[in-house]
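Structural characterization, general
Each chain is listed here by its residues.
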Amino acid sequence: MIQGKWFPQGSDLTEALQIREAVFGRSEDSIDSGAQSTLVYQDDVPAAAGRIWWQDGAFWLGDIGVLPDYRGQKLGDLTLRLLLFKAQDHFAREVRLICPAETEGFFTRLGFHRENVLEDGTLELMIPGDEIDLDTCKSCKKKDCPLRTE
Ligand SMILES: CC(C)(COP(=O)(O)OP(=O)(O)OC[C@H]1O[C@@H](n2cnc3c(N)ncnc32)[C@H](O)[C@@H]1OP(=O)(O)O)[C@@H](O)C(=O)NCCC(=O)NCCS
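So, here's what we can say about the structure. (Residues numbered from 1 in each chain as written. Predicted model: local features only at pLDDT ≥ 70, side-chain atom pairs only at ≥ 80, totals over all residues. Heavy atoms only, no water.)

Moving on, we get to the site of the ligand. Around the ligand, the structure places 20 residues, and the nearest of them are Ile64, Val66, Lys74, Gly76 and Asp77. In the environment of the ligand, an oxygen atom lies 2.9 Å from a nitrogen or oxygen atom belonging to the backbone of glycine 76. Within the backbone of aspartate 77, a nitrogen or oxygen atom sits 2.8 Å from an oxygen atom of the ligand. Here the ligand, which alone exposes 920 Å², has 71% of that area covered by the protein. Those elements that provide at least two residues to the shell around the ligand are helix 1 (14–24), strand 4 (58–66), helix 2 (75–89) and helix 3 (104–108). In the shell around the ligand, the residues fall into nine nonpolar, six polar and five charged. (Near = heavy atom within 4 Å. Polar contact = N/O pair within 3.5 Å; in protein donor to acceptor, adjacent residues only side chain to side chain. Areas by Shrake-Rupley, 256 points an atom, 1.4 Å probe, with all protein chains shown as cover. Helix = DSSP H or I, 4+ residues; strand = E, 2+ residues; numbered from the N terminus. Nonpolar A, V, L, I, M, F, W, Y, C, P; charged D, E, K, R; others polar.)

Structure below.
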């Protein structure tokens, strides 16, 4: 079973930090105290994580990572959608993130545009809040799904 769970500011981030350490080789930092984190569990195992915070007039997403053994099963997609849903829920005007160039396509699928190439080669991406579209039916190839609305 797949489950998503939110960790508001001040929560115990042990599981999220284990994923961050495994995926990015980084630990707790100053952003954590003001960020909300989300975790995605597969069969009660924490497999993916990400966080969202407010900074300089925008919502930022970061540390969206899936443990290597769990990649390719849409857990990253669910993590990103949970974060975008949270941004929408807060009436975000824009949502930004910095990602490695090789993951750009993962984010542009959901409407992010490239804004900058940073000195280290990473990319700054942005999506205006009113362009966030979490309708999963649109990109689904199943024609006879009972959930399809159009
Ligand atoms: C990037 C990452 C989060 C993707 O997670 P994942 O669970 O393997 O991806 P999903 O299974 O949810 O993929 C969803 C879709 O995105 C696509 N996708 C996944 N990784 C992609 C990439 N690097 N580039 C382009 N598309 C990608 C998949 O093909 C899939 O497409 P589909 O819906 O058409 O089938 C994961 O590879 C990861 O943790 N990478 C290392 C950390 C990192 O660089 N994070 C991003 C910066 S914060």
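Among the nine residues in strand 4, nine count as buried, and that is most of the element. Judged from the seven bridges that link them, strand 3 (residues 45–55) and strand 4 form a sheet pairing that is antiparallel. Paired with glutamine 55 across the bridge in strand 4 is alanine 58. Linking strand 3 to strand 4, which pair antiparallel, is a turn of two residues; within it aspartate 56 sits at a positive phi near 50 degrees. Relative to strand 5 (residues 94–99), strand 4 runs parallel, the two sharing three bridges. (Buried < 20%, exposed > 50% of the residue type's maximum accessible area, 1.4 Å probe, protein only. Pairing = 2+ DSSP bridges.)

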